[in-house]
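The primary structure of each chain is shown beneath.
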Amino acid sequence: MDYFSGISDALRVTFVQMMILSIIAIGIFIVGMYINFKKWSMGSTGYGQAPSKSIWAFPKMLMYQMSQHAHVHNQSVLETIVLDILFQRRILRRSKIRWFMHITIFIGWMTLFAMSGAMFFVEMTHMIGERIGFAETLPWFMSPEVFRELLAVPNDVFSYILLIGVVIAIYRRLFVAKARESTIAYDSILIIGLAVITISGFIADGIRTGRFWGFGIDYAYAPPAALFHVVISLLFCIAYIPFSKYIHILAIPFTLLANKGGE
Amino acid sequence: MVKRQPSITTENFTAVQLMELDACSRCGECVNWCPTYDASGQNPGLAPRDKILRWAEFMKKSYGLRARLFGPKQIPLEELEQFKNDVYGCTTCGMCATVCESAINTVELWESMRANLVKSGIGPFGKQGMFLKLIGEYKNPYMADNKDRINWFPADIKVEEQAEVLYFGGCTAELRQRKLALATARVLNKLGIKFTMLGEDEICCGSALIRTGQYFINDTAKINAQKNVDNIKAKGAKIVLYACAGCYRASLIDWPRLTGKELPFKVVHVTEFLQDLIKKGEIKWEKSIDKKVTYHDPCHLGRHVGVFEPPRAVLEAIPGIQFIEMERIKENQRCCGAGGGVKAGIPDLALGVASTRVEDALATSADILSSACPFCKRNLSDGRDAIGAKELEVEDVIVLVAEAMGIDLSDTPAE
Ligand code: HEM
Ligand code: SF4
Ligand code: SF4
């Protein structure tokens, strides 16, 4: 999986397109999260108290609950973050296979997300640097070409890790009777979307490099394929978070923190 | 144009609870473990996951993006009525919270949903609506004269006017399962522990009102909790003993929350108290109970507050008892089916859950199925009778302790 810029001469145009898209995606995300925060903050800031009118009710109640002594497990914030949020032991306790499925999705997605962000940052810095004239003074790895090369192998590795999780998730939803019967659009959209993103990434990269995932498609299709991948990634992985089951990426960690890792 | 009003309010939900509705990953673990879902013949409406999804959708229809732009979407009253029936088909056992991969505090959510529905005039469920009137009028949910709480104690029982230790008997043990209250009192007497009780000044702990979402009406639960706290303080008590899981949890967790203050005394379950005395070697056993005994963790004593070991330690200390565990115990225990207002509201469901639990006990070939809560005892006995397992004795740990201490309880009066 690679980034569109630098693939062809169309670079400059697409870079602007990408900027606009990113801003739109982030904008939609912010509006969506604002609506969610507002919705959550319609609750009270204490048991049995009247509903709040302030958007700060949610952060306030969260902080309050985190500061309270819990009767059953009273673990530290650090333990919650490391063991429950990052390591996801509550999934592991229930099912090893589902834990493996999710941890691969989680690690793959988070790392790719972080690397995309870093790449974006490098490109931005470099471009601004060229305009203002400090590009020369940047360290060697801050050059987009070099940075992209540095990321090439981890990109591949984490894409495959993500793919493994997505394949297990799809398999489970299709062939495990209990999971299949309880699957609703809310669930399937998330997995299908993720699958499309992962696979389109492989294909875009494959076309560019002419390797396996390119399926022999002409190199001329590399830019549009890459653009497609970037567009749906931005829209689906950022803009869609507040409006879909993706919200669990934020809501579950909040819940784990509020309930000190749960009962 | 006047915008339509949303069909639901956010009354009685905390901001974190509203967020929790969005935290369900729909993994389905709660559905695998829910005792009422199971006993109802897997009625999809009772599945915890489904209840979360439905309320999240109610929220979306009322306050989501589209609702903000074009006005809220109405939720038909029948849909809310159906939801009420489903959310009251829950014993608040907490199993769903224990297994929830997202760590959602589901029990609090169910109680908030109930309170919300009560406030909008849709809840509570059936006979549960009587609780408020009964507790207001009689100070107990059994329509009994509050004087009868302990005035039936046989003459040998010595209850002090003032003491450091107070035994909070609870409505069920004092008015219905009297053998349990008598056993507790005689055991304390025999151990030479001076204790006092509230007697006719005792008021229902509030569990029935809180669990069914009616605690806030006229502030009844709060006022009663405060009165109990004040009365306990006036008796000079520093330690309050409980032999009822429902009262224990209500006192430990709900009273401070309702009154907004820390309790001025220590809340101790009688098995914790006894475990301590056993460790110090202060209990003299006079009789051996040569039977196989298994133990059912009351939800409100075990999973809700984490008292798992003391009752087991007490049972294992009793001479002769061969202690065996059922398959689902401690955090993973299967509910007896009585709690959360289900016994009063949907007795058939309560019985169904109880029967399954009795079968768990039968599978161990135990002679006695013990518990540490009069409400569990009542429902498990009913479950045993329903499946005709006459050979199985259902008894409370404190009664077994009394027996092993050579205490006679044959003079227990009827209700
Ligand atoms: C902070 C962290 C996160 C936590 C605690 C978390 C937790 C969960 C849990 C408990 C499930 C249900 C798993 C099951 O069915 O047993 C789930 C499902 C899922 N999560 Fe996450 N998640 C997190 C972050 C993410 C991220 C970053 C992604 C990236 C896309 C993701 C993607 C998914 C997907 C696709 C599913 C659906 C699997 C399925 O039901 O078939 N999660 N998550
Ligand atoms: S608290 Fe118990 S009965 Fe209620 S939904 Fe959860 S598992 Fe089911
Ligand atoms: S266990 Fe928790 S996360 Fe899983 S379906 Fe039930 S409520 Fe949702």
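In this numbering scheme, every chain counts its residues from 1 along its sequence in written order. All chains are assigned letters beginning with A, and all ligands numbers beginning with 1, in the order in which they are written. This being a predicted model, a pLDDT of at least 70 is required before a residue's local features are given, and a value of 80 or more before pairs of side-chain atoms are given or counted; all residues contribute to the totals for chains, interfaces and linings. Hydrogens and water molecules were not included; the side-chain quantities draw on all heavy atoms of the structure.

Trainee: Mind showing me how you'd approach the site of ligand 1 here?
Mentor: Residues are counted as near a molecule or strand when any one of their heavy atoms sits within 4 Å of it. Near ligand 1 lie 25 residues; those nearest to it are A:Arg98, A:His102, A:Arg173, A:His248 and B:Glu101. Nearby residues around ligand 1 are contributed by chains A and B. For this analysis, a polar contact is any N or O atom pair within 3.5 Å, provided that within protein one partner can donate a hydrogen and the other can accept it, and provided that sequence-adjacent residues contribute only side-chain to side-chain pairs. Contact distances for ligand 1 include 3.0 Å between an oxygen atom and a side-chain N or O atom of A:Arg172. Contact between ligand 1 and B:Glu101: an oxygen atom at 2.8 Å from a side-chain N or O atom of the residue. Comment: elements are numbered from the N terminus, with helices defined as DSSP H or I runs of at least four residues and strands as E runs of at least two. Those elements that place two or more of their residues in the shell around ligand 1 are helix H5 (96-132), helix H6 (144-175), helix H8 (185-209) and helix H10 (248-258) of chain A. Among the elements that make up the shell around ligand 1, the one with the highest residue count is H5(A) (7 residues). Considered class by class, the residues forming the shell around ligand 1 number 16 nonpolar, 4 polar and 5 charged. Charged means Asp, Glu, Lys or Arg here, nonpolar means Ala, Val, Leu, Ile, Met, Phe, Trp, Tyr, Cys or Pro, and polar covers whatever is left, Gly included.

Trainee: Hey, could you run me through the packing of H6(A) against H8(A) in this one?
Mentor: Packed helices, taken two at a time, are described by the angle their axes make and the gap between the axes. Residues and elements named next belong to chain A. Taken N-terminus to C-terminus, the directions of H6 and H8 make an angle of 145°; their axes are 10 Å apart at the nearest point. In the crossing of H6 with H8, the sense of the turn from one axis to the other is left-handed. Within the contact between the two elements, H6 uses Asp156, Ser159, Tyr160, Leu162, Leu163, Val166, Ala169, Ile170 and Arg173 and H8 uses Asp187, Ile191, Leu194, Ala195, Thr198, Ile199, Phe202 and Asp205. Every axis in this analysis is a line fitted to C-alpha atoms, fitted for helices over the stretch in contact. Angles between the N-to-C directions lie between 0 and 180 degrees. Left-handed describes a crossing in which the near helix is turned anticlockwise from the far one by less than a right angle; the clockwise case is right-handed. In what follows, residue pairs with any heavy atoms lying within 4.5 Å of each other are defined as contacts.

Trainee: Got a minute to help me understand the pairing of strand S8 (residues 393-396) of chain B in this structure?
Mentor: All names here are of chain B. Where strand S7 (residues 368-371) lies against S8, 4 bridges are found, and the strand directions are parallel. Note on S8: the bridge partner recorded for Leu369 is Val394. In the classification by handedness, the crossover that spans S7, the intervening helix H19 (residues 374-387) and the parallel S8 is right-handed. Whether two strands pair depends on DSSP finding at least two bridges between them. Handedness of a crossover is defined as follows: with both strands directed away from the viewer, a clockwise route from the first strand across the helix to the second makes it right-handed.

Trainee: Explain the sheet that holds strand S4 (residues 266-269) of chain B to me, please; I cannot follow it from the model alone.
Mentor: Sheets are built from strands that pair by backbone hydrogen bonding, the pairs being arranged parallel or antiparallel. Residue and element names in this part refer to chain B. With respect to topology, 4 strands assemble into an open sheet ordered S2-S1-S3-S4, the strand pairing being parallel. Two strands lie at the open edges of the sheet, namely strand S2 (195-196) and S4, each paired on one side alone. Examined bridge by bridge, strand S1 (residues 165-168) and strand S3 (residues 239-242) share 4 bridges and lie parallel to one another. Looking at S3, one finds that Leu166 is bridged to Val240.

Trainee: Just checking my understanding: could you explain the confidence of the model for chain B for this structure?
Mentor: Low pLDDT means the predicted coordinates in that region are not meant to be read closely. Of the residues in chain B, 99% reach a pLDDT of 70 or more, and the chain-wide mean stands at 95. The complex model carries a pTM of 0.92, and its ipTM stands at 0.92. Per-residue confidence from the predictor is given as pLDDT, running between 0 and 100.

Trainee: Sorry if this is basic, but what is going on with the interface of chain A and chain B here?
Mentor: Counting residues at the interface gives 44 residues for chain A, matched by 45 residues for chain B. Carbon and sulfur atoms make up 57% of the surface buried where chain A meets chain B, a total of about 3800 Å² over both sides. Joining two parts hides part of their accessible area as seen by a 1.4 Å probe, and the buried area is that hidden amount summed over both. When the buried surface of chain A facing chain B is broken down by residue, A:Tyr47, A:Arg94 and A:Glu263 rank first, second and third, together holding 19% of it. Salt bridge, as used here, is a side-chain nitrogen of Lys or Arg placed within 4 Å of a carboxyl oxygen of Asp or Glu. Counting every contact that joins chain A to chain B gives 5 salt bridges. With a closest N to O distance of 2.9 Å, A:Arg98 and B:Glu29 form a salt bridge. For the pair chain A and chain B, the number of links is 18 residue pairs in polar contact (both at pLDDT 80 or more). Those elements giving two or more residues to the side of chain A that touches chain B turn out to be helix H1 (11-40), helix H2 (57-67), helix H4 (89-94), helix H7 (177-182), H8 and H10 of chain A.

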